[in-house]
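Examining the three-dimensional arrangement
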Amino acid sequence: VSGTLDIERFDMRGEAELLRTDGVLLAPDSSCELCRLPANKFQGLDRRRHFLWLTFYSGIYTSSATLFFVHPRELAFLEPDISVEVAKDEFDSQRTVRLTSPVFVKGVWLSVPGTHVRFSDNAFDLIPYVSRDVTVDFRDGPPIENLLGVLKIQHCNRVPRPDT
């Protein structure tokens, strides 16, 4: 498999820096070191507010991973402002939900209470300003016309509140 590996450093507010882009060639059924990043790339890094986002592109296929410098419970989360758009697919039994946030959102979970809809993806992270499309399939019943009004979005960004 051949493709391109991008490594970006993000902060929770969406500030990003491309640290490296490499062309890679992976032999079948193998493992190897793809790259090394020098320590000076991480000077001044706030371990609670920064993370790495690795993306591998190969033709029409994309795979990504988020790497943290601390345990997720120690991350300095910000209050999310998730924008949601719903589009009708060519099949009447499906809708596409596009989610975007200006800040990092950990563990997004979608649900529609009282229904048996299926989501193409669930329990994912939202990278700042990177849209995520999720297909909603209504196989067990008619499509919900007001999906935006009943869609429940949960996440793990627990932002501490100041004492009043």
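Before any of the text, the structure's been laid out above.
About the criteria used
Residues numbered from 1 in each chain as written. Predicted model: local features only at pLDDT ≥ 70, side-chain atom pairs only at ≥ 80, totals over all residues. Heavy atoms only, no water. Salt bridge = Lys/Arg side-chain N within 4 Å of Asp/Glu carboxyl O. Buried < 20%, exposed > 50% of the residue type's maximum accessible area, 1.4 Å probe, protein only. Pairing = 2+ DSSP bridges. Helix = DSSP H or I, 4+ residues; strand = E, 2+ residues; numbered from the N terminus.

A few words now on the pattern of salt bridges. Pairs may arise between side chains of opposite charge once their charged atoms sit close together. In total, this model carries 7 salt bridges according to the counting rule given. Put simply, Arg20 and Asp22 hold a salt bridge, and the shortest N to O gap is 2.5 Å. Residue classification places Arg20 among the partly exposed residues on the basis of a relative accessible area of 28%. Asp22 gets classed as buried once you look at its relative accessible area, which sits at 16%.

Before going further, it helps to spend a moment on the sheet that holds strand β10 (residues 132–137). Strand order across the open sheet formed by 4 strands is β5-β6-β10-β8, with antiparallel pairing between neighbours. Lying at the two open borders of the sheet, with one neighbouring strand each, are β5 (83–88) and β8 (118–119). Relative to β10, strand β6 (residues 94–100) runs antiparallel, the two sharing 6 bridges. Residue pairing in the sheet places Arg95 in a bridge with Val136 of β10.

Even without being a glycine, Asp29 presents a positive backbone phi close to 50°. Mapped onto the elements of the fold, Asp29 is located in the loop between β2 (16–25) and β3 (50–58). You can call Asp29 exposed: its relative accessible area is 85%. At Tyr129, a position not held by glycine, the phi torsion is positive, near 65°. Positionally, Tyr129 belongs in the loop between β9 (124–126) and β10.

A few words on the pairing of β6. Among the 7 residues that make up β6, 6 are buried, leaving the element largely enclosed by the rest of the structure. Across 6 bridges, β5 lies against β6 in antiparallel orientation. Within β6, the position partnered with Val86 by the bridge is Val97.

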